[in-house]
Amino acid sequence: MARRLTNQFKHRITIQRQVEEQNENGFIINEWQDRHHLWAAIKTLRGREYYEAATTQNENTVRFVVRYTTGINPDMRIKYKDRAFEILSVINDDELNKTLTIIAKEVV
């Protein structure tokens, strides 16, 4: 089964966190800074998951599965190609510290 999971992690994603920086004029600006570069499996939501997401108006909700990584939380976002996703939840699958399931909503 581990081999099967390895083959699914074929999408390169970047986990970013927002940081505040002060520019030369003294203004505070918020920027997204790369935190982790990970290989992920991307799964579309189906069945009950899809309908639960649709009830909260998260039509572009996606499930990312990555190898277990510490420090990922809902204050961060995911960049995949030219798309950005707001992290809604981070789940340690079966509490085994092997994979994380990240539910995220596309930012449009």
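Right above here is the structure, for reference.
Here's a quick rundown of the structure. (Residues numbered from 1 in each chain as written. Predicted model: local features only at pLDDT ≥ 70, side-chain atom pairs only at ≥ 80, totals over all residues. Heavy atoms only, no water.)

1. Looking at the pairing of strand β5 (residues 83–92)
By the bridge criterion, four bridges tie strand β4 (residues 76–80) to β5 in an arrangement that is antiparallel. Residue pairing in the sheet places Tyr80 in a bridge with Arg83 of β5. Linkage of β4 to β5, two consecutive antiparallel strands, is achieved through a turn of two residues, within which Lys81 is found at a positive phi near 55°. As judged from the eight bridges shared by β5 and strand β6 (residues 99–107), these two strands associate in the antiparallel manner. Bridge pairing links Val90 to Ile102 in β6. (Pairing = 2+ DSSP bridges. Helix = DSSP H or I, 4+ residues; strand = E, 2+ residues; numbered from the N terminus.)

2. Some remarks on the side chain of Thr14
Structurally, the position occupied by Thr14 is in strand β1 (residues 11–22). Here the side chain of Thr14 touches His37 through a polar contact of 3.1 Å, side chain to side chain. Setting aside chain neighbours within four positions, we find Thr14 in contact with Asp34, His36, His37, Arg77, Ile78 and Lys79. (Polar contact = N/O pair within 3.5 Å; in protein donor to acceptor, adjacent residues only side chain to side chain. Contact = heavy atoms within 4.5 Å.)

3. Section: the sheet that holds strand β2 (residues 28–44)
If you walk around this closed barrel you meet the six strands as β1-β2-β3-β6-β5-β4, and the pairing is antiparallel. Averaged over all neighbouring strand pairs, the angle between strand axes comes to 45°, with direction disregarded. As paired strands, strand β3 (residues 61–67) and β6 are joined by seven bridges and run antiparallel to one another. Looking across to β6, one finds that Thr61 is bridged to Lys105. (Axes fitted to C-alpha atoms, helices over the stretch in contact; angles between N-to-C directions.)

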